[in-house]
Amino acid sequence: MDKKTKQVCIKFCFKTGKSASETYELLKTAFGDKCLSRSNVFIWFNRLKYVRKSDEDDPQSGRPSTSKTNENIVKVRDSMRSDCRFTIREMVDELNLSFYTVQ
(Lines give C-alpha, C1' and ligand atoms only; values in the text may rest on other atoms or scores of the structure.)
Protein backbone atom coordinates (compact mmCIF):
# COMPACT_ATOMS: atom_id res chain seq x y z
CA MET A 1 0.00 0.00 0.00
CA ASP A 2 1.55 3.32 -1.03
CA LYS A 3 1.66 6.42 1.17
CA LYS A 4 -1.04 8.37 -0.65
CA THR A 5 -3.52 5.46 -0.57
CA LYS A 6 -2.84 4.97 3.14
CA GLN A 7 -3.53 8.63 3.91
CA VAL A 8 -6.70 8.72 1.85
CA CYS A 9 -8.11 5.53 3.39
CA ILE A 10 -7.40 6.57 6.96
CA LYS A 11 -8.68 10.11 6.39
CA PHE A 12 -11.85 8.74 4.80
CA CYS A 13 -12.51 6.45 7.75
CA PHE A 14 -11.76 9.26 10.20
CA LYS A 15 -14.17 11.65 8.48
CA THR A 16 -16.93 9.04 8.32
CA GLY A 17 -16.75 8.55 12.08
CA LYS A 18 -14.97 5.20 12.24
CA SER A 19 -12.76 4.45 15.23
CA ALA A 20 -9.07 3.62 14.85
CA SER A 21 -9.84 -0.06 15.56
CA GLU A 22 -12.58 -0.16 12.93
CA THR A 23 -10.26 1.57 10.47
CA TYR A 24 -7.54 -1.01 11.08
CA GLU A 25 -9.99 -3.88 10.52
CA LEU A 26 -11.23 -2.33 7.26
CA LEU A 27 -7.67 -1.80 6.02
CA LYS A 28 -6.74 -5.36 6.95
CA THR A 29 -9.76 -6.66 5.02
CA ALA A 30 -9.01 -4.49 1.99
CA PHE A 31 -5.21 -4.87 1.79
CA GLY A 32 -4.44 -8.10 3.62
CA ASP A 33 -0.71 -8.58 4.32
CA LYS A 34 0.18 -5.22 2.79
CA CYS A 35 -1.82 -3.36 5.43
CA LEU A 36 -0.26 -1.00 7.94
CA SER A 37 0.40 -2.30 11.42
CA ARG A 38 -2.22 -1.57 14.08
CA SER A 39 0.09 0.86 15.88
CA ASN A 40 0.75 2.83 12.67
CA VAL A 41 -2.98 3.12 12.01
CA PHE A 42 -3.44 4.53 15.52
CA ILE A 43 -0.56 6.98 15.00
CA TRP A 44 -2.07 8.26 11.76
CA PHE A 45 -5.51 8.43 13.35
CA ASN A 46 -4.17 10.55 16.22
CA ARG A 47 -2.41 12.87 13.79
CA LEU A 48 -5.72 13.54 12.08
CA LYS A 49 -7.48 13.95 15.39
CA TYR A 50 -5.09 16.46 16.95
CA VAL A 51 -3.78 18.41 13.97
CA ARG A 52 -5.35 21.74 13.05
CA LYS A 53 -8.61 21.23 11.22
CA SER A 54 -8.40 24.27 8.94
CA ASP A 55 -5.95 26.38 7.02
CA GLU A 56 -7.07 29.51 8.83
CA ASP A 57 -4.55 31.29 11.03
CA ASP A 58 -4.97 30.75 14.74
CA PRO A 59 -5.96 33.83 16.72
CA GLN A 60 -2.93 35.50 18.23
CA SER A 61 -2.61 37.55 21.35
CA GLY A 62 -1.40 41.12 21.26
CA ARG A 63 -2.30 44.11 19.22
CA PRO A 64 -2.88 43.77 15.48
CA SER A 65 -0.45 45.46 13.13
CA THR A 66 -1.82 48.84 12.13
CA SER A 67 1.20 50.20 10.31
CA LYS A 68 1.12 47.94 7.25
CA THR A 69 -1.83 49.46 5.45
CA ASN A 70 -2.41 49.95 1.76
CA GLU A 71 -2.11 53.70 2.30
CA ASN A 72 1.34 53.39 3.89
CA ILE A 73 2.50 50.96 1.21
CA VAL A 74 1.49 53.45 -1.49
CA LYS A 75 3.28 56.28 0.36
CA VAL A 76 6.54 54.36 0.59
CA ARG A 77 6.31 53.12 -3.00
CA ASP A 78 5.65 56.62 -4.33
CA SER A 79 8.53 58.01 -2.27
CA MET A 80 10.90 55.39 -3.68
CA ARG A 81 9.75 56.07 -7.23
CA SER A 82 10.24 59.81 -6.88
CA ASP A 83 13.85 59.44 -5.73
CA CYS A 84 15.38 55.98 -5.49
CA ARG A 85 18.39 57.38 -3.55
CA PHE A 86 16.30 58.06 -0.44
CA THR A 87 17.52 56.23 2.62
CA ILE A 88 15.08 54.58 4.99
CA ARG A 89 15.83 57.28 7.58
CA GLU A 90 14.99 60.03 5.09
CA MET A 91 11.70 58.31 4.22
CA VAL A 92 10.88 57.96 7.92
CA ASP A 93 11.29 61.71 8.38
CA GLU A 94 9.42 62.61 5.21
CA LEU A 95 6.48 60.20 5.61
CA ASN A 96 6.17 60.36 9.41
CA LEU A 97 6.20 56.56 9.69
CA SER A 98 8.28 54.28 11.89
CA PHE A 99 11.60 52.84 10.68
CA TYR A 100 10.23 49.29 10.64
CA THR A 101 7.11 50.31 8.74
CA VAL A 102 9.20 51.88 5.99
CA GLN A 103 11.64 49.01 6.01
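What counts, and at which threshold
- Residues numbered from 1 in each chain as written.
- Predicted model: local features only at pLDDT ≥ 70, side-chain atom pairs only at ≥ 80, totals over all residues.
- Heavy atoms only, no water.
- Core = buried A, V, L, I, M, F, W, Y, C linked by side-chain atoms within 4.5 Å.
- Buried < 20%, exposed > 50% of the residue type's maximum accessible area, 1.4 Å probe, protein only.
- Helix = DSSP H or I, 4+ residues; strand = E, 2+ residues; numbered from the N terminus.
- Contact = heavy atoms within 4.5 Å.
- Phe/Tyr/Trp six-rings, centres within 6.5 Å; stacked < 30°, edge-to-face > 60°.
- Salt bridge = Lys/Arg side-chain N within 4 Å of Asp/Glu carboxyl O.
- Disulfide = S-S within 2.5 Å.

As annotated in an unreviewed UniProt entry, the protein chain carries the name Mos1 transposase HTH domain-containing protein and is attributed to Periplaneta americana.

(A) Spotlight on the nonpolar core. Ranked by size, the top nonpolar core spans 9 residues in total: Ile10, Ala20, Tyr24, Leu27, Cys35, Leu36, Val41, Trp44 and Phe45. Mapped by element, the contributors of at least two residues to this core are α2 (20-31) and α3 (38-50). In this view, Ile10 contacts Thr23, Leu27, Leu36, Trp44, Phe45 and Leu48; residues no more than four positions away in its chain are not counted. Met91, Val92, Leu97 and Val102 belong to the second largest nonpolar core, which has 6 residues in total.

(B) Looking closely at the packing of aromatic side chains. Enumeration according to the criterion identifies 2 aromatic pairs in this entry. With a centroid separation of 5.3 Å and 75° between ring planes, the pair formed by Phe14 and Phe45 is classed as edge-to-face. Of the two residues, Phe14 sits in helix α1 (residues 3-15) while Phe45 sits in helix α3, which places them 31 residues apart along the sequence. Each ring, one from Phe99 and one from Tyr100, has its centre 5.5 Å from the other, and the planes form 85°; the classification is edge-to-face.

(C) Here's a closer look at the pattern of salt bridges. Taken as a whole and assessed by the stated rule, the structure comprises 3 salt bridges. A salt bridge links Glu71 to Lys75; its shortest N-O distance comes to 3.9 Å. Of the two residues, Glu71 and Lys75 both sit in helix α4 (residues 70-82), 4 residues apart, roughly one turn of that helix. A relative accessible area of 31% means that Lys75 is categorised as partly exposed. Measuring nitrogen to oxygen at the nearest pair gives 3.5 Å for the salt bridge that ties Arg85 to Asp83. Arg85 gets classed as exposed once you look at its relative accessible area, which sits at 70%. The exposure class of Asp83 is partly exposed, given its relative accessible area of 24%.

(D) Structural view of the side chain of Asn72. With respect to the helices and strands, the residue Asn72 is situated in helix α4. Filtering out sequence-adjacent residues up to four positions away, Asn72 remains in contact with Ser67, Leu97 and Thr101.

(E) Seen up close, the state of the cysteines. A complete count under the given rule lists 0 disulfides for this structure. With no disulfide of its own, Cys9 lies closest to Cys13 among cysteine sulfurs, the gap being 6.9 Å. According to the relative accessible area criterion, Cys9 is partly exposed, its value standing at 21%.

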